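Residue-level structure breakdown
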Amino acid sequence: MKEIIFENICKSYGKTKVVNNLNLTIKEGERLVLLGPSGCGKSTILRIIAGLEDITSGKLYMNDDCVNDVPSGDRNVAMVFQNYALFPHMTVEDNITYGLKVHKVPKEEVKKRLEAALEMLKLKGLENRKPKDLSGGQRQRVALARAVVKKSDFFLLDEPLSNLDAQLRGHARKELVKIHETCGQTFVYVTHDQVEAMTVGDRVALMNEGTLQMIDTPHNVYNKPANVFTAKFIGAPSTNIFPVDYLDGKIALGNQNLILPQMWINKIVDSGCKNLYFGIRPEHINFSRIEIDNAFKGFVKYIEDYGNRFGIYIEVEGNEIIAMCDKNQLKSGDIVYFSPDFTKIHLFDRNTTMSIGYPEEL
Amino acid sequence: MKIKFTSELKWHIILILFIIVSLFPIVFAISSSFKTLNEAYSNVFGIIPNSPTINNYTEVFTRLPFFKITINTFSIAACVTLFKTITALFAAYSFVYFDFKYKNIIYFFLISTIFIPFTVTMIPNYLTISKLNLNDNLLGVILPQLSDATGIFLIRQAIRGVPPSLIEVAKLEKIGHLRIIKDILVPLVKPAIISTGIMFFINSWNEYVWPVLILKSKENFTLPLALQLFISSEGGTDFTIAMAVSVVTMIIPLVLYIIFQKYIINTFASSGIKG
């Protein structure tokens, strides 16, 4: 099986732990995205797979073999670097075929693979140019072509789109997915951009401070975050999180109460947890200037205009909550009543910051 | 604009003076080498000789096996340059890309050898060469100079400017170290290698003290040693001939400089391609 299995992997530089007890299975042929803020260890994980970093402890399996001591060249991986790492003194063609030529792949085969890669990545006509004569997007495609011609089992991408402008990035994202669908290798993709992660990944592994926070489909990562970090990291503006206490079917925020639906009451009772964090995305809040049932009362602190919608910052019992709306008739200082969409809320244990889970109905 | 002009003028004057001071000995040597000895004394600073003569040059070539001496100097300088550059390249590569125990300490000691004066190593080296029976032999001059910490330092600095990802790409492609050096590193740090090489070449070309210790017969002399013959008591005070020797000594390094000047001026490699 062309799987990658991390078994209790730790990586430290001196006393600094960069990867902390990672257990992860990357399935054959899937597109796994490693997502996280800068310095969370996601690039290190990619470099561990490539064999460019050694492992402090734990075991790494690729194709069912433990590869802890296997040098990079023998791991059958192709990698696209963030800075593309094109050889500046070689032409596009030489950059793409250099590895094949060194390993004496027959000339016809080299030519066939080169043609196919040039075709796939729309690089025809640029074969004899040097990297300095290419645009950012073209360089990125040359770097991809170099990885594609290798026909290796694993395809590693380290923030390959971060040097491109927003428009080109959207286009390149689609191309990447297309390449994966054509080649079918196991893709491991590192990014700090959540839109990229959600659109490219079959599954998303979210990292923070060297620890795996959650690994699931983009849908579940967004809708059923496993912990407070995931809820806050995914989505912009980020999920509102505030502390609440559970008592007799209600949650209390300061002096205000909200009656919970039965499905959530059951969940909370099952979890045995009373001190909670309440999470709700800004787009899942209903609010009104007129008093509504089962709602928190607050006042508008300020309003942000995003062009296509508005972000309303509401202060409730000392907590700042942001809600999104398409039309705005509010102004700073207005009293508002807001209630969350209870099918979209998230509850987390305040001690562990882990989700208490979701009712079966959702 | 006026302020800019006057401030620039100041620099231009300083630079022009600097050029005159630097070039004067060369112009003086060339001009004197075409003068007769009498004119050289009567018309010391005249740039164009009144009655130009090539006698000084013919004299040099008849009095000494001059062609052989030039070949000797070139052979020594070429061998020393080649070996010093290659050993410096390999050592620098190891210091940058290999992790080994006590790497930094070893590097520190290596670099500190730059500050050891030649006079300290001169006697041990002389004794070793004598024991090897290489006195009055070109190999005796070459042998102690096959590696050099300055070169390791300079090339290491250049290699550190190469983005590590380029070498990592090669590692992922399972490309051996020699091939990485040949195909990737050398093209990228070529200017540094060439300027280091030129520096080695010129140093070796001008070297006097070590060859004078080792080389005894005129057959084996190098150009600086030959030059000495004409300005010592042995050669008398015929300084126009000495100037002719100087001019000949200068030619080969000058030609090399002209060929490689773009690398010497532009020492830093264009490294790293980013979007």
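Residues numbered from 1 in each chain as written. Chains lettered and ligands numbered in written order. Predicted model: local features only at pLDDT ≥ 70, side-chain atom pairs only at ≥ 80, totals over all residues.

**Section: the overall build of chain A**
When you go through chain A residue by residue, the secondary structure sums to 9 helices and 20 strands. In terms of overall dimensions, chain A has a C-alpha envelope of 75 × 45 × 40 Å along the principal axes. In chain A, which comprises 362 residues, the proportion classed as buried is 39%. Contacts in chain A between residues far apart in sequence, at least 24 positions, make up 66% of those at least 6 positions apart. (Helix = DSSP H or I, 4+ residues; strand = E, 2+ residues; numbered from the N terminus. Buried ≥ 20, exposed ≤ 12 C-beta atoms within 10 Å, placed from the backbone. Contact = placed C-beta atoms within 7 Å.)

**Some details on the domain arrangement of chain B**
All names here are of chain B. Split into domains, chain B comes out as domain 1 (1–53) and domain 2 (63–265). Residue-level contacts link 7 residues of domain 1 with 7 residues of domain 2. It is helix α1 (residues 2–33) that contributes the most residues to the side of domain 1 that touches domain 2, 4 residues altogether. Residue composition of the side of domain 1 that touches domain 2, grouped by class: 4 nonpolar, 2 polar and 1 charged. (Domains from an automatic or database assignment. Nonpolar A, V, L, I, M, F, W, Y, C, P; charged D, E, K, R; others polar.)

**Regarding the interface of chain A and chain B**
With 24 residues of chain A at the contact, the number on the chain B side is 19 residues. If you tally residues by element for the side of chain A that touches chain B, the top one is helix α4 (residues 136–149) of chain A, at 3 residues. Classifying every residue of the side of chain A that touches chain B by side-chain character gives 13 nonpolar, 8 polar and 3 charged.

**Quick notes on the sheet that holds strand β11 (residues 240–247) of chain A**
All names here are of chain A. As summarised here, the arrangement of the 5 strands in space is β13-β12-β11-β14-β20, forming an open sheet in which the pairing is antiparallel. Lying at the two open borders of the sheet, with one neighbouring strand each, are β13 (256–259) and β20 (346–349). Sheet twist, expressed as the average angle between the axes of neighbouring strands with direction ignored, equals 40°. Relative to strand β14 (residues 275–280), β11 is paired through 6 bridges, and the arrangement is antiparallel. Within the sheet, the bridge partner assigned to P243 lies in β14 and is Y277. (Pairing = 2+ DSSP bridges. Axes fitted to C-alpha atoms, helices over the stretch in contact; angles between N-to-C directions.)

**Side note on the nonpolar core**
L34, I49, A145, L156, V188 and A205 of chain A together with I155 of chain B are the most contacted members of the largest nonpolar core, which has 115 residues in total. What L156 of chain A contacts, discounting residues up to four positions off in sequence, is L46, I49, A50, V77, M79 and V188 of chain A. Counting 27 residues, the second largest nonpolar core, distinct from the first, contains I198, L227, F230 and M243 of chain B. (Core = buried A, V, L, I, M, F, W, Y, C linked by C-beta atoms within 7 Å.)

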